[in-house]
Structures are given as C-alpha cells and as structure tokens.
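# Observations on chain architecture
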Amino acid sequence: MMTVSELNEKIKAILETTFMHIMVQGEIASVTYHSSGHIYFSIKDDKSTLKCVMWRSNAKKLKFKLEAGEHIVIDGSLTVYPPRGEYQLMAVNIEPYGKGALAVAFEQLKAKLQAKGYFDESIKKPLPKFPKKIAVVTARESAACADIIKVATKRWPLIELIIIDTLVQGEMAKNQIAKAIEYADKLNADIILVARGGGSIEDLWAFNEEIVANSIYNAKTPVVSAIGHEVDVLISDFVADLRAPTPSAAMEMILPDINDYLFILDDLLNSLNNQIDLIIFNKEQNLLHLKEQLKALSPSAKLDNLSQQFNILKNRYIDTINFKISKLESEILPLIDRFNSQIDLILQKKSHHLEMLKKQLLLNNPKDKIKDGFAEVIKDGKRVDLCRLKSKDKIELVNSKCKVKAIVE
C-alpha cells in the first residue's frame, strides 16, 4: 500500500522521464504574469485543457507577451506538483503558431504604443533647418558612425557632432541605448540621432524594445531614427520625430548642403552688387543733373546762351539776305536768258557767214580749178615752170585724179 505522496512522486518520476522533451500546440485559455517573474497559463483545444508554467529564467527570454486566444507552440516537458497531485507542462520556449516570436512581439508593442499615442503626427517635433549641434547615439567604432561623420563634414562643416558611445545589439543594448538617449536630451543639442548599420532582425531588436521607445517619446529634443537599411522598419522609427532609411541618409535629410547655400550666397552677392551699382548710377545721374543745373546758372552759361541767341539772329539775317538775293536772281534770270538768246542769234549769224566764206574759199582752191587736160609739173618733188624743163629731165605730171611719170625729150 502507498501513501498519496508516494503515488504522486512515482507518477512524477514516470511523467518526467517519459515526457522529458515534448512540443504541444494550443490556444491560450488564461494567463497570469506573477510578480516573481513566473508565468502561469493554460492552453486548450476543442476537447481538453492543459495547465502550463514558465519559470522566470526562461520567461526573461520570451520576446512577446502571452495573451488569451493566441495560438502557440510550447517546447518543454511534463512535471507533477506533488502537493496538489496536479501535472502541468513546464515551458522552456514558446513560439507563436505559424509566425515568429519577434514578429508577434513587434506587432504587440506597436499596437500598444500606437494606442498610447506614441506615433501621433501631432506630437512630432519639427527639426531645425540649420542645426548647430547633433548628439549621435551609436557605437563609436562602427561603420555607421564613420559614415555619419564623413557625410556631415562634407555636407555641413559647421555642425558640431557629439558621439555618445553605446552598445547597439545584444541583451544589454536596450538599457544602454535608453540611457544614452536620456543623456543626449540633457546636452542642449538641436537633434538627437539614434543610428545603427544593417543587420538581422535579432541584431536590430534593441531598437524594438519598449524602454528605448519610452526614451525617444519622453525626449524634449527632436529625435531622428536611422537604424539598418531602408527595408528595416523598427519601433524606434515610428516613435521618432523623423525616420531615415540609413545613417548616411539621415545626415543628408537633417543637414543643409553647404554648396546650395554657397550658390545662394553668390546670387545674393551678385544681386547686392547690382543694387549697389544701380544706386551709384542713380546718384551719379542726380549729381550730373545738379551739375547741369549749376552750370546753367553760371555766368559762362549765360554768355553761352546769349551767344547762341546771337548766332540764331545771325543765321536768321543770313537766311533773309539769301532769300532776297534768290529773289533778285529770279528777276535777273529772264534778262540773262534774253541776253543769251541775243548772243546765240548773233553767233548763229556769224557762223552762217563763216560757212559762206569757207565755201567761197573752197571754190577758189587751185586744185579745184584744174580742168581736164591740165596738170602740174613736178620735178624733184617741187612744182616747176614748164619752160624751165630740159631734155632728159625726169618729171611727174599730177592732177587731182592721178600722177604720171615722164622724161622730157
């Protein structure tokens, strides 16, 4: 015969050795989070219910919160609680059925914070256009920190960066990040930049923790979240006043480009120079106008004015004289024309008389007087008297029509 305790102990030994490692799925029927850190809950299906417990050491590692109605998968073993003679499933690890624990934890915290108003656009703080000091919460020796410094130096060299070194992954990272944000909020910085490079969801998980979200939400300084790559969306991105896809992109978003403002300054300088030139030109024109007025009132100007008036009168007088001369010329022209006509008539008569004299002269030309049978006697190129010729003389007989060579017999 056995006592109740002995029976319970035997049952415990049998169950614990038989069901040392089992996996059970079911829907959470009830759940209690004990102040000690243990979790007491039960799961069920359509026919049965099973009591479960998760001790504090394992509960600390649980990424999501157990809620009634959630379908889960439990990895653990069966055990018996002898004082009550009850057996229960002792959970070592719990995963949501059909999806990862981290995904469920993310959605749970997101829903919780959204309900508390952490994501409201109305509470987002505006970022200054020209920040002077930025507190950067990141790992000092990380590539993300190097990229931040590089982009900031190139884009806006006037900025002051305060690097607050912290862990950015691991179990202790969430506490350090939260404290670093709280410290940065006391530095009178214009912006707090929370940054980390890419990695797996586990590596980035510290920025999905509620303690970090609370630090961002409570910060009086505008907070920019730049965690991982563009595809990584974290709780810190929703709570922050601005989300940047990467740490480098964050600096490009929150810092002005010095080259743009150098161009603007050049334009302003050119505009200022143009305005100054215009003012100087207008002043010079006013000065020239005053100078002309002063010159107009001077004695020399009055003399010049009198001289101009005299020249005007002189030109008028000359014009009058020329007009009268032109008038007289118009009266003389008919007389001149009449005189010229008389002269032309006289010349015509004289020309006619001259022609008559020419004709008479031609009529009296000795050459024209030679008649048929008459010729000139030429000897040695000279005209000679016929009576002076001698025998054997060579002569030429010439008239107006022909020439004949002959020898005197």
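This is a predicted model, so every value here is computed, not measured.

## Some remarks on the environment of S142
Its place among the elements puts S142 in the loop between strand 6 (133–138) and helix 4 (143–155). With a relative accessible area of 22%, S142 lands in the partly exposed category. Sequence separation of S142 and A91 is 51 residues, and the distance between their C-alpha atoms is 38 Å.

## Regarding the side chain of D237
Assignment of secondary structure puts D237 in helix 7 (residues 235–239). There is a polar contact of 2.6 Å between the side chain of D237 and the side chain of S225. Setting aside its immediate chain neighbours within four residues, D237 contacts S225, D232 and R243.

## Section: the packing of helix 5 (residues 173–184) against helix 6 (residues 210–218)
Taken N-terminus to C-terminus, the directions of helix 5 and helix 6 make an angle of 5°; their axes are 8 Å apart at the nearest point. It follows from the interaxial angle that helix 5 and helix 6 lie roughly parallel. Between helix 5 and helix 6, the residues in contact are K174, N175, I177, A178, I181 and E182 and I211, V212, S215 and I216, respectively. Its residues assigned to classes, the contact of helix 5 with helix 6 comprises 6 nonpolar, 2 polar and 2 charged.

## A word on the pairing of strand 14 (residues 403–407)
In terms of residue burial, strand 14 counts as a barely covered element, since only 0 of its 5 residues are buried. Examined bridge by bridge, strand 13 (residues 394–398) and strand 14 share 5 bridges and lie antiparallel to one another. Along strand 14, the bridge assignment pairs V398 with K403.

## A look at the sheet that holds strand 7 (residues 160–165)
As summarised here, the arrangement of the 5 strands in space is 7-6-8-9-10, forming an open sheet in which the pairing is parallel. Among the strands making up the open sheet, the edge pair consists of strand 7 and strand 10 (242–243). Pairing analysis gives 2 bridges linking strand 9 (residues 223–227) to strand 10, with the strands arranged parallel. Bridge pairing in strand 10 places S225 opposite R243. Contacts from helix 4 reach strand 6, strand 7 and strand 8 (191–196) within the one sheet, and its direction differs from that of strand 7 by about 175°.

## Quick word on the packing of aromatic side chains
A complete count under the given rule lists 6 aromatic pairs for this structure. With a centroid separation of 6.5 Å and an interplanar angle of 55°, the aromatic rings of F106 and F238 are classed as tilted. With F106 in helix 3 (residues 101–115) and F238 in helix 7, the pair connects residues that are 132 residues apart, well separated along the chain. Put simply, the rings of F106, F119 and F238 touch in pairs and so form one group of aromatic residues.

## Describing the nonpolar core
By size, the foremost hydrophobic cluster in this structure holds 57 residues, and its most contacted members are F41, I74 and I94. Tallying contributions element by element places helix 3 first for this core, with 7 residues. The contact partners of F41, leaving out residues within four places of it in the chain, are S30, V31, L50, K51, C52, V53, M54, L66, I72, I74, A91 and I94. Membership of the second largest hydrophobic core comes to 19 residues, among which are I134, I191, A195 and A226.

Conventions and cut-offs
- Residues numbered from 1 in each chain as written.
- Predicted model: local features only at pLDDT ≥ 70, side-chain atom pairs only at ≥ 80, totals over all residues.
- Heavy atoms only, no water.
- Helix = DSSP H or I, 4+ residues; strand = E, 2+ residues; numbered from the N terminus.
- Buried < 20%, exposed > 50% of the residue type's maximum accessible area, 1.4 Å probe, protein only.
- Polar contact = N/O pair within 3.5 Å; in protein donor to acceptor, adjacent residues only side chain to side chain.
- Contact = heavy atoms within 4.5 Å.
- Axes fitted to C-alpha atoms, helices over the stretch in contact; angles between N-to-C directions.
- Parallel < 35°, antiparallel > 145°, perpendicular 65-115°, else oblique.
- Nonpolar A, V, L, I, M, F, W, Y, C, P; charged D, E, K, R; others polar.
- Pairing = 2+ DSSP bridges.
- Phe/Tyr/Trp six-rings, centres within 6.5 Å; stacked < 30°, edge-to-face > 60°.
- Core = buried A, V, L, I, M, F, W, Y, C linked by side-chain atoms within 4.5 Å.

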